[in-house]
Amino acid sequence: MHEKPLPESVHVVRGEQVRMPVEVRAATGITAQFLLPAGPARETLAAAGLEPVTPLPGRIPATLGFMHYLDGDLGVYHEFLVALMCRQPGVRGSTGVFIHWLPVDELFTCEAGQTIWGFPKEIAAIDVTTHGRRTRCEVRLNDRAVVAMEFARGVPAPSAMGAMTLDAYTHRDGVLRRTPWTMRAGGTRMRPGGARIELGDHPISDDLRRLELPRKALFTNHIGELTMRFDDATPISSRS
């Protein structure tokens, strides 16, 4: 006797069907890693029911950067990322990243991210320019500067590590969700340092200041060939 296959998960976004898992077949991006004081980040994570991961006492890893999605189920768009390393209190094996802010420049992926996974997406102007060995990304909301990052080009680095899956945590409308996020990177270039942050005059800029982001990164990672897969989100808890 054959078991019936499980029904395919389908979401409707702006009148279009989005079938799970969502695939990104081609993307590029640059990310920078920072070490932040754990105190301010602890307050942000506690509001979502999470706690910081501190590989060094009193310090939490954070990732900032941008992606250019070239071929995927949610279309072509730019995205900026602010993520904090976290875990669920008292739950072994729950280490992942909390997606703190995730502006994009296209409506479809914005609504899909919000409704399917609870991602903190909003529409922003994201401008990326490259001059020689330096790339600059600027994010603006309502014609106000929020954040800019300038990245210096690194040297080729090994990238044949296969696919990596981590849990992405989101908190929206009082619900904490966990989404399995699988990535495979190629054509990578890395360097120590290599990125600087400039904060604007928007309220989100003030929130990033509160996290006490250092101006310079620990290291920077340029990704020339990136594929991803996003599975359905699992609600974990509700908090008002």
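Refer to the structure printed above.
Residues numbered from 1 in each chain as written. Predicted model: local features only at pLDDT ≥ 70, side-chain atom pairs only at ≥ 80, totals over all residues. Heavy atoms only, no water.

### Here we look at the pattern of salt bridges
Step number 1: If you walk through the whole model with that rule in mind, you get 14 salt bridges.
Step number 2: Each of Arg-134, Arg-136, Glu-138, Glu-150 and Glu-198 takes part in one network of salt bridges that share partners. (Salt bridge = Lys/Arg side-chain N within 4 Å of Asp/Glu carboxyl O.)

### With respect to the sheet that holds strand 8 (residues 125-131)
Step number 1: Pairing in this open sheet of 4 strands is antiparallel, and the strands run 8-9-10-14 from one edge to the other. The sheet is open, and its two borders are formed by strand 8 and strand 14 (195-199), each paired with just one other strand. If you compare each strand with its neighbour and ignore which way they point, the axes differ by 15° on average.
Step number 2: The pairing of strand 10 (residues 144-152) with strand 14 spans 5 bridges and is antiparallel. Of the residues in strand 14, the one forming a bridge with Ala-148 is Glu-198.
Step number 3: Where helix 3 (residues 203-210) meets the sheet, it contacts strand 9 (134-141), strand 10 and strand 14, and its direction lies at approximately 50° from that of strand 10. (Pairing = 2+ DSSP bridges. Helix = DSSP H or I, 4+ residues; strand = E, 2+ residues; numbered from the N terminus. Axes fitted to C-alpha atoms, helices over the stretch in contact; angles between N-to-C directions. Contact = heavy atoms within 4.5 Å.)

### Focus on unusual backbone geometry
Step number 1: Between Met-20 and Pro-21 the backbone carries a cis peptide bond, its omega angle lying at -5°.
Step number 2: With a phi angle near 50°, Asn-142 is a residue other than glycine that sits in the positive phi range.
Step number 3: In this structure, Asn-142 sits in the loop between strand 9 and strand 10.
Step number 4: For Asn-142, a relative accessible area of 73% puts it in the exposed group.
Step number 5: For Asp-143, which is not a glycine, the phi torsion comes out positive at approximately 65°.
Step number 6: Its relative accessible area of 70% is what places Asp-143 among the exposed residues. (Buried < 20%, exposed > 50% of the residue type's maximum accessible area, 1.4 Å probe, protein only.)

### Here's the deal with the environment of Ala-112
Step number 1: As for its position among the elements, Ala-112 is in helix 2 (residues 107-117).
Step number 2: Note: C-alpha distance between Ala-112 and Val-146 (34 residues apart in sequence) is 23 Å.

### Re the packing of aromatic side chains
Step number 1: This model, assessed by the stated rule, comprises 7 aromatic pairs.
Step number 2: An aromatic cluster is defined as three or more aromatic residues linked by ring pairs; in this entry it consists of Trp-117, Phe-119, Trp-181 and Phe-230. (Phe/Tyr/Trp six-rings, centres within 6.5 Å; stacked < 30°, edge-to-face > 60°.)

### So, the side chain of Ser-205
Step number 1: Structurally, Ser-205 can be placed in helix 3.
Step number 2: Owing to a relative accessible area of 0%, Ser-205 belongs among the buried residues under this scheme.
Step number 3: Side-chain polar atoms of Ser-205 contact the backbone oxygen of Val-146, separated by 2.8 Å. (Polar contact = N/O pair within 3.5 Å; in protein donor to acceptor, adjacent residues only side chain to side chain.)

### A closer look at helix 1 (residues 38-46)
Step number 1: Every buried residue of helix 1 is listed here: Ala-38, Pro-40, Ala-41, Thr-44 and Leu-45. When helix 1 is viewed along its axis, its buried side chains cluster within an angular range of 165° and face the same direction. (Arc of directions from axis to C-beta.)

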